[in-house]
Amino acid sequence: MTSTLQEGILVGCGNPLLDISAIVPMDFLQKYEMKEDDAILAEERHMPIYRELVDGFQAEFLAGGSVQNSLRIAQWILGQPKVAVFFGCVGEDEYADILMEKARSAGLDVHYQIKKDVPTGTCAVLITGTHRSLCANLAAANNFTIDHLDQPLNKALVDNALYYYISGFFLTVNPPSIMQVAATALAKQRPFLMNLSAPFISQFYMAPLLAVMPYVDIIFGNEAEAHAFATAQGWPTEDLREIGKRLVALDKLNPARPRIAILTQGCDPVLLIQRDSVEEFPVTRLAVHEIVDTNGAGDAFVGGFLSQFVQGKSLDVCIRCGNYAAGHIIKNPGCTYTGEPQFVE
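Within an unreviewed UniProt entry, the label attached to the protein reads Adenosine kinase, and the organism entered is Drosophila pseudoobscura pseudoobscura. Recorded in UniProt for the protein, the comment headed Subcellular location (unreviewed entry) runs: "Nucleus".

This is the structure:
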């Protein structure tokens, strides 16, 4: 248990999704033209996938959505409710009720925008061995509008926060909301953190990503996402350290707070890239039999990081806690945890 923190110091915006997770054979991925460890948005041809998982496999329903996952993990580690506030859009249905219950039981202060005529978003999580492939049908999550943040209660929550975290995934939904939160962070000189989230964001949403990048103080990503960003930018390098240095060097509005890039590489060391340094943080390798699934590992890393960052801990403690959280989540289905957190500085 940490020392008492002010409620609502961390605000996140993202897509609240119910994960429908099942172990499937490789030919199931091929049937839907999906790849291992990919993350995509559902197209028309993917729509039968959700019913097929429920009817044909032993599917589990788990609270999902990248930012909501990260905030749930941060709350679990902090052990104090309502440190984190989450905004996103859901329908008015059973799936929304499940998401709300899971989020609140984790201590998250949830302020959903509710759209009555659209179902709550879902994400098919296809587990093949130690790999996971994600296919998100955003549905209601795609209908988030900026006026939700302008409601007096919600505006006060955003204004009073001390830390802000938004996923790259949210760029597909409502860039004006992201820019508004980013501008608030800048005006108040408070850290704004973001995630590259998936290769398709860099491939298809580079314009809104570059628009918000000058506000970003800390950018997270894994190796595939970093490579996708570099390719989309035409950077002539495959070297993750060099890509990180270039990410850090992109234009920034508050030069007093130089950008930091934190790049994960699965079981290889995490890279902490600052303007004139690159540090490595080793990851504890798990035996194959310990790995349940890697779904949520990246979200959990950010959650662990945030749990320490909002306490003002050093970056190395934040990253070590990120690695701890990711290691814990990999041993559990989806982005779920068991027992009390065991992280020791």
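1. Here's the deal with the overall build of the protein
Secondary structure assignment for the protein yields 13 helices and 14 strands. A globule of 345 residues ought to have a C-alpha radius of gyration of about 20 Å, and the protein, at 19 Å, matches this closely. For the protein, the C-alpha atoms occupy an extent of roughly 55 × 45 × 40 Å along the three principal directions. With 345 residues in all, the protein has 56% of them scored as buried. Counted over contacts in the protein with a minimum sequence separation of 6, partners at least 24 positions apart contribute 73%. Summed over all atoms, the accessible surface of the protein reaches about 14,200 Å², with 52% contributed by carbon and sulfur. Taken together, the 25 basic and 39 acidic charged side chains of the protein have centroids lying 6 Å from each other.

2. Quick look at the UniProt feature "active site" (unreviewed entry) in the protein
According to UniProt, the "active site" (unreviewed entry) feature falls on Asp-299. Examined against the element boundaries, Asp-299 turns out to sit in helix 12 (residues 297-309). Residues contacting Asp-299, with those up to four places away along its chain left out, are Ser-66, Asn-69, Ser-70 and Cys-335.

3. Let's talk about the pairing of strand 11 (residues 218-222)
Counting buried positions along strand 11 yields four of five residues, so the element is predominantly enclosed. Bridge analysis of strand 11 against strand 12 (residues 260-265) gives five bridges, and the strand direction is parallel. Paired with Ile-219 across the two strands is Ala-261, which belongs to strand 12.

4. Comments concerning the pattern of salt bridges
Considering all chains together, one arrives at 13 salt bridges under this definition. Ionic pairing is found between Glu-43 and Arg-45, a salt bridge with its closest N-O pair at 3.4 Å. Glu-280 is the salt-bridge partner of Arg-241, the closest N and O atoms lying 2.5 Å from each other. Taken together, the residues span a long stretch of sequence, with Arg-241 in helix 11 (residues 240-249) and Glu-280 in strand 14 (residues 277-281) at a distance of 39 residues. By relative accessible area, which is 32% here, Arg-241 ends up partly exposed. Connected through salt bridges with shared partners, the residues Glu-33, Glu-43 and Arg-45 form a single ionic network.

5. Observations regarding the sheet that holds strand 6 (residues 109-115)
Spatial ordering of the open sheet is given by 6-5-1-9-10-11-12-13-14, a layout of nine strands whose pairing is mixed. Looking along the sheet, the strands with just one partner apiece sit at the ends: strand 6 and strand 14. Sheet twist, expressed as the average angle between the axes of neighbouring strands with direction ignored, equals 20°. Bridge count between strand 13 (residues 268-274) and strand 14: five bridges; the pairing is antiparallel. In the sheet register, Ile-273 faces strand 14, and the bridge partner there is Val-278. Across the sheet, helix 6 (residues 152-160) touches strand 1 (10-13), strand 5 (84-91), strand 6 and strand 9 (163-167), and the angle it forms with strand 5 is around 140°.

6. Re the sheet that holds strand 8 (residues 131-137)
Read across the open sheet, the five strands follow the order 3-8-7-2-4; overall the sheet is mixed. At either end of the open sheet lies a strand with only one pairing partner, and these are strand 3 (39-41) and strand 4 (60-64). In this sheet, adjacent strand axes meet at a mean angle of 25° when their direction is disregarded.

7. With respect to the environment of Leu-315
Topologically, Leu-315 is positioned in helix 13 (residues 315-330). Sequence separation of Leu-315 and Pro-25 is 290 residues, and the distance between their C-alpha atoms is 40 Å. Those residues in contact with Leu-315, other than ones at most four positions away along the chain, are Ile-260, Leu-272, Gln-274, Phe-305 and Phe-309.

8. Some remarks on helix 4 (residues 94-105)
Compared with an ideal rise of 1.5 Å per residue, which puts twelve residues at 16 Å, helix 4 spans 16 Å between its outermost C-alpha atoms and is within 8% of the ideal. Every buried residue of helix 4 is accounted for by Ala-96, Leu-99 and Ala-103. Around the axis of helix 4, the buried residues are gathered within 60° of arc, so they sit on the same side. Away from the buried face of helix 4 by more than 90 degrees, exposed residues Glu-94, Asp-97 and Ser-105 are located. Among the structural elements, strand 2 (17-23), strand 4, helix 3 (66-78), strand 5 and strand 6 are those in contact with the buried residues of helix 4. Residue Gly-107 follows helix 4 closely and has a positive phi angle near 95°.

9. Describing the nonpolar core
Formed by 54 residues in total, the largest nonpolar core has its most connected members in Phe-87, Phe-192 and Leu-209. Not counting chain neighbours up to four residues away, the residues in contact with Phe-192 comprise Tyr-164, Ile-166, Ile-178, Val-181, Ala-182, Ala-185, Val-212, Tyr-215, Val-216, Asp-217 and Ile-218. Residues Ile-9, Tyr-112, Val-302 and Phe-309 belong to the second largest nonpolar core, which totals 39 residues.

Calculation notes
- Residues numbered from 1 in each chain as written.
- Predicted model: local features only at pLDDT ≥ 70, side-chain atom pairs only at ≥ 80, totals over all residues.
- Heavy atoms only, no water.
- UniProt positions renumbered as here; feature names shortened; annotations may be inferred.
- Helix = DSSP H or I, 4+ residues; strand = E, 2+ residues; numbered from the N terminus.
- Rg over C-alpha atoms; globule rule 2.2 N^0.38 Å.
- Buried < 20%, exposed > 50% of the residue type's maximum accessible area, 1.4 Å probe, protein only.
- Contact = heavy atoms within 4.5 Å.
- Areas by Shrake-Rupley, 256 points an atom, 1.4 Å probe, with all protein chains shown as cover.
- Lys, Arg positive; Asp, Glu negative; His and termini not counted.
- Charge placed at Lys NZ, Arg CZ, Asp CG, Glu CD.
- Pairing = 2+ DSSP bridges.
- Salt bridge = Lys/Arg side-chain N within 4 Å of Asp/Glu carboxyl O.
- Axes fitted to C-alpha atoms, helices over the stretch in contact; angles between N-to-C directions.
- Expected span 1.5 Å × (residues − 1).
- Arc of directions from axis to C-beta.
- Core = buried A, V, L, I, M, F, W, Y, C linked by side-chain atoms within 4.5 Å.

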